[in-house]
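Single-letter residue listing:
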Amino acid sequence: MKFRLTTQLQALAALAAITASSLQAATDIQNRDEPIEGQETATLTDPPNVPPPITRKKATKVIVNLEVKEIQGRLADGVQYTFWTYGGKVPGKFIRIREGDLVEFHLNNHPDNKMPHNIDLHAVTGQGGGAGASLTAPGHSSVFSFKALNSGLYVYHCATAPVAMHIANGMYGLILVEPKEGLPAVDKEFYVMQGDFYTRGPNGEQGLQPFSMEKAIQEKPDYVLFNGSVGALTGEGSLTAKVGETVRLYVGNGGPNLTSSFHAIGEIFDQVWAEGNMSHITQNVQTTVVPPGGSAITQFRVNTPATYILVDHALTRAFNKGAIGMLKVSGNEDKTVYSGKTTDEVYMPEGTSIRVAEQSAKPAPVAKTKAERIERGKAVYTANCVACHQANGEGIPAAFPPLAKSDFLNADKIRAIKTVTGGLQGIVKVNGNTFNGVMPAWALSNDDIANVLTFVYSSWGNSGKVVTAAEVKANAAKPQAAPAKPKDSH
Amino acid sequence: MRFNDFARFSVLVVSLIGSAPLRALADEIQPIPKNSIYLSKAPWTTHEGKTVTLSSLRGSPTVVSMLYTSCKATCPLTLLDLQAIEKGLTAEAKSKVQFAIFSFDSSTDTPAHLKEFANSHNLSGAHWTFHSGKVASVRELAALLGIRFKLLDGGGFDHSNIITVLDTEGVIIHKQVGLKQVPTETIALLNQTLLH
Amino acid sequence: MFIVHINLLPFLLPYLSPTVAAAQAIETVAPQKNHPTAVVIKGGTYRPFYRPRLSESDKRIVVKSFELDAHPVTNQDYLEFVKKNTQFTRSQIGRVFAEDTYLKHWQTDHTLKNEKELKQPVTHVSWFAATAYCQWLGKDLPTTDQWEYALDDVGRSAKATKAAILKWYSVPNNQELGQIGQHKANGYGVHDLVGLVWEWTQDFNNSATSAELRSDGTKDENLFCASGSLNAVDSSDYVKFMRFSFRGSLQAAFTTANLGFRCAKELTP
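Bear in mind that the values here come from a model prediction, so they are computed numbers and not experimental data. (Residues numbered from 1 in each chain as written. Chains lettered and ligands numbered in written order. Predicted model: local features only at pLDDT ≥ 70, side-chain atom pairs only at ≥ 80, totals over all residues. Heavy atoms only, no water.)

With that out of the way, let us pick up the overall build of chain C. Helix and strand content of chain C: 6 helices and 9 strands. Counting all 269 residues of chain C, 56% fall into the buried class. Nonlocal contacts in chain C, meaning residues at least 24 apart in sequence, comprise 77% of its contacts between residues at least 6 apart. Surface accessibility of chain C: about 12100 Å² in total, with carbon and sulfur atoms responsible for 54%. (Helix = DSSP H or I, 4+ residues; strand = E, 2+ residues; numbered from the N terminus. Buried < 20%, exposed > 50% of the residue type's maximum accessible area, 1.4 Å probe, protein only. Contact = heavy atoms within 4.5 Å. Areas by Shrake-Rupley, 256 points an atom, 1.4 Å probe, with all protein chains shown as cover.)

The next thing to look at is the environment of Tyr-149 of chain C. Residue and element names in this part refer to chain C. When you line up the elements, Tyr-149 lands in helix α4 (residues 144-152). With a relative accessible area of 4%, Tyr-149 lands in the buried category. The spacing of Tyr-149 and Gly-43 is 106 residues in sequence and 9.0 Å in space, taken between C-alpha atoms. In contact with Tyr-149, not counting residues within four places along its chain, are Ile-41, Lys-42, Gly-43, Gly-44, Thr-45, Tyr-46, Val-63, Phe-66 and Tyr-188. Within the structure, the side chain of Tyr-149 is placed 2.8 Å from the backbone oxygen of Lys-42, a separation counted as a polar contact. (Polar contact = N/O pair within 3.5 Å; in protein donor to acceptor, adjacent residues only side chain to side chain.)

Glancing now at the packing of aromatic side chains. The final tally for this structure, using the stated rule, is 39 aromatic pairs over all chains. Considering the side-chain rings of Phe-117 of chain B and Phe-130 of chain B, the 5.9 Å spacing of their centres and the 75° angle between planes classify their relative orientation as edge-to-face. Separated by 13 residues along the polypeptide, Phe-117 of chain B in helix α5 (residues 111-120) and Phe-130 of chain B in strand β5 (residues 128-132) bring together distant segments of the chain. An identical accessibility class is assigned to Phe-117 of chain B and Phe-130 of chain B; each is buried. Members of the aromatic cluster, connected to one another through ring pairs, are Tyr-78, Phe-81, Phe-88, Tyr-102, Trp-106, Tyr-133, Trp-136 and Phe-261 of chain C. Over the ring of Tyr-188 of chain C we find Arg-156 of chain C; its NZ or CZ atom is 4.9 Å from the centre of that ring. Positioned above the aromatic ring of Trp-147 of chain C, the side-chain terminus of Arg-247 of chain C is 5.2 Å from the ring centre. (Phe/Tyr/Trp six-rings, centres within 6.5 Å; stacked < 30°, edge-to-face > 60°. Lys NZ or Arg CZ within 6 Å of the ring centre and 35° of its normal.)

Attention now moves to the interface of chain C and chain A. By a widespread convention, an interface's size corresponds to the accessible area lost as its parts come together. Contact residues are listed per partner, giving 27 residues for chain C and 34 residues for chain A. Note on chain C versus chain A: buried area summed over both sides is about 2500 Å², and carbon and sulfur give 63% of it. Linking chain C with chain A are 0 salt bridges, by the criterion used here. Inspection of the chain C/chain A interface yields 5 residue pairs in polar contact (both at pLDDT 80 or more). When contributions to the side of chain C that touches chain A are tallied by element, the ones reaching two or more residues are α5 (158-170) and α6 (238-248) of chain C. No other element matches the 6 residues that α6 of chain C contributes to the side of chain C that touches chain A. (Buried area = accessible area lost by both parts, 1.4 Å probe. Salt bridge = Lys/Arg side-chain N within 4 Å of Asp/Glu carboxyl O.)

Residue and element names in this part refer to chain A. Its 12 residues place the ends of helix α10 (residues 446-457) 16 Å apart at the C-alpha level, agreeing with the 16 Å of an ideal helix rising 1.5 Å per residue. All of the buried residues along α10 are Asp-448, Ile-449, Ala-450, Asn-451, Val-452, Leu-453, Thr-454, Phe-455, Val-456 and Tyr-457. Check the buried side of α10 and you find it contacts α6 (370-384), α8 (407-411), α9 (413-422), β25 (441-442) and α11 (469-475). (Expected span 1.5 Å × (residues − 1).)

Residue and element names in this part refer to chain A. Under the counting rule described, the total for this entry stands at 2 disulfides over all chains. Looking at Cys-388, it has no disulfide partner, and the nearest cysteine sulfur is the one in Cys-385, 8.7 Å off. Owing to a relative accessible area of 26%, Cys-388 belongs among the partly exposed residues under this scheme. (Disulfide = S-S within 2.5 Å.)

So, in C-alpha cells, the structure goes:
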C-alpha cells in the first residue's frame, strides 16, 4: 500500500512539473530575442535513430547541412523505386535543435541529381518555411537562416512543383525543436514516419516502378509505409527495448495524402504529445491521429515482453499495403500484466449437438464397390473426423479415442453406426485406455456414414468390415439428450 | 653605366605611371576581374548618344537598375528608391557614386526618349546615365544581374525589381531586392565600404 | 627605391604590351560548316503553360514558323566553337559568364575524355556560353514557347513523349549520357527534346514568378512589375511543372551535368 502511494505521488509530482513548466512556455518574441552563444554543427541521424537530447541551456547557432540525393532503392521485395531523399534515406535526416536557436541551413543538391529541390520546414516562420529561399539546381547549394521561435516536433518536406510528386518520392523528415527545459529523460527514442506511395503497377508488381501521378491525385496509394519501404521496421529493422524501459516514438506523417491512425498493438501510449506540441500531454491513448504534414510524440513504458506491432489502424493499410512496424520487447514476463493462454478447454454448451458436416455441392453418385466406398469415405474422414481422431486414426491420448486397431470399434459394427449417427458421451474404454469425452452426432447422409465407416474399418489394422447405407439407415440412433455433467471432465 | 641607365629608365617609368592620364591608362589595362560584369562587350547607347560598353562605368561605385519609361506601376517607385539612396549618401559618396539605368524597352526607349525622360524627372545630373540597347544587350545584362523579365502580349514588360550595387571594378557586392525597401544597408555600404 | 623600381618593371612590362588579357567579346570568329541539321517547325497556335490569369487558360498564342536544331548541340560541335573562340575555353572564361564547373567533363581545354563524348549532348555549359554558341552560327537559343511548342508536336507523339519523359525524369543520373539521335524523331523531325538532357531557352526564368514555384498564383507586387503572378493552366501536367521548376532554379551562369541546349532561328518572312 505504502509503495503504491509513493509511486502515485511521484507520478503526480512529475505531471505537475511538466504542466507547470508548460505554463511558462517561451513565447515567439522571447525566442526571437534570446541571445545566441557559440556555434555548433547539428548531428543528423538516419531513421529510426534520433540524435541525443539537447543538454545545453543556451540558444546557439546551429549549422545544418542537408544533402538531397535521388537514388534507386528497394520499395518492397523485388520492387524498386526512384526515391528522392534528404540524406539518402526515407524519411530524411532527423534534426534536433532547441527553441531560440539560430539555424544556418545549407540545402545541398547533389550534382548527379536531375531535379531542382527546396525545403519547407514547418519549424520556420517566414516565406514558404524556407522554400522561397532554397530552390536549388543540381550541383548547387542554397543557404538561409531562421530563428526557432516555437518548440514542437515539425515536419519538413520539399515544396518544388509538382509538390505531390516530390513528397510522394520520399522528400520529408522531422525537425524537433526542444523546449527550453528539454523533454523528460527516457530509455529509448525512435523516429518513425509514415508515407503513402503511388506506383504505376499494383502493390507487389515487380521491377522498377515509376511514380503514378494519376493515383496520387485520386489518393489511392499502392503502399502505405513506415520509413520508406515494406518491412523497414520489421525483422532486422525492428525497434527493440527491454521490459521496464520507457520508449518514446517521434512519429511523423509525410503523406502526401493519407492521415494516420497510429496505434501499437498490445500497448497503450501512457503519454501523447498530440500533434507534436510541447505543452500539453494527453494520457492513456490507444490510437492517435497523425495528419499528413503533422506529427505526434507517443511515450510508454513496456511492462511485459512481446512484439508490439505498430500500425496505421486503418487496417487494410497495415495488412495489405505495408503500414506495419515492430517493437520487440525482451525480458522477464509479468504474468499479472498478461498471462498468455492459461488453458485450452472443450466448450460444448447443452450436451451434444448436430454438426452439419461439409457437404459437397453436387450430390455424388452412390458408391457401388468397396473400393469406391473406401475412397469416398476417406474424403469424409478427412473433412470431418481428422480433427479429433487424427490422420492415422491414432486419436489423442486422454482426449479422443483411437480408431486404429480399436477393440471398441471392431467389436460391434452396429454400435459404431449408432455412435456416428447419435453421438456418444461418457466413459468408454478403448484398447485399455479410458476416455470420457463427448463425440457429437453427425448429420451426414447415410451414404457418407456408410462410406466413412467402411474406410475406417479398412484402415489401420481394423477388421475390414463393410458398412452399407441400408445398414446405417436401419441402425441410426437419435442424438442423445444432454447428460449429467461428467465427473472427470475439466 | 648600363645599371644607371636602367635605374634612370625605371624612375622615368614610375614617375610617368604616377601622373594622372597614365594612371588612367594603367587602370584601363589592368585586367577586369573574372567576376565583374564589365567583362560584357554588349553595346549600349547613353541618353547623351554615346556608344559604350558596361566597362565605361569602371572606376566608380555604381548603382544599377533596369526599367522602362512607359512603365506606370512600379518603375516610378524604383526611381524613388534610387533617389532615396542618393539622398542618404554623404557628400563624399555623392561625388563618387554613379547611377546607371538600363531600359528593357529597345524599341520605345531610344537615347533621345531617355534623355527626355531624364530631364522630366530631374535626373540629368552628371551622376545619372540612362542606357538604351538592343534586345541581345538587354537580355545579357538582365542575366548578369539576375533580373527576370518578359515582354507581355499587349506591350510592356513583366520584370523583377532589383537594385544592384557594383564596386569600382564592376563586381556585384549588394542587391536590394523588391520595391519600397528601406535602403539603410545599401546606403551604409556606399558610404563606408567603398570609400577608403 | 632602386630596388622598388627593379621590382616594378617586370610587373609592368606585360601590361605595357598591346594585348589586353581580359577582354572578352561576344562577337566571335565566323563558324564553319558541319553543324546540326535544323528542321522547320511550322507555326501555329499554342497554349502556354503559365498564364497571368486563369480565366485566360484557354488563350492560345501564335508561334511563328521557325527553324530548330534537330539535335542538341554535341561536345563535338561545341569543341569546334571553343577552338575558334578562345575566350570560351574552360581556363579563360570569366566567372561571371560561367561558374567553375564549366566543361568540367572535358579532359583539357580542347580535348574530350573519350570518343563517345563526341556525339553526346554538350553539358556543363552556361546560358551565356550557349547563347554565344548560337549567335556564332547566326542563330539564337529557342524561346521557352518555341521549345515547348516543338515538344507538343501538335499532339502527335504525346504517348511516346510521355513515356520518354517518365523514364528519364524518374531515374537518377548514375548512367552514362546517351548519344544524340538514338530515338525516333517527333513529327517535326526533332530528336531528343526529352530523354537526354534539360535544355536552355532564351527566357528560361521569366515564367516563374515565385522562387518556390508552388504555383499558388499569388501576386508579389513588390517583387514583380505588371501581372507578377502566373497560374499554371493544367496543374495535373506534373511533368511540365518539373521542366518549369528546373528552369526556375537556374541562373544564367549555372552549369549542370544534365543541362545542354540547341539553337533556333527565326525564319525571314
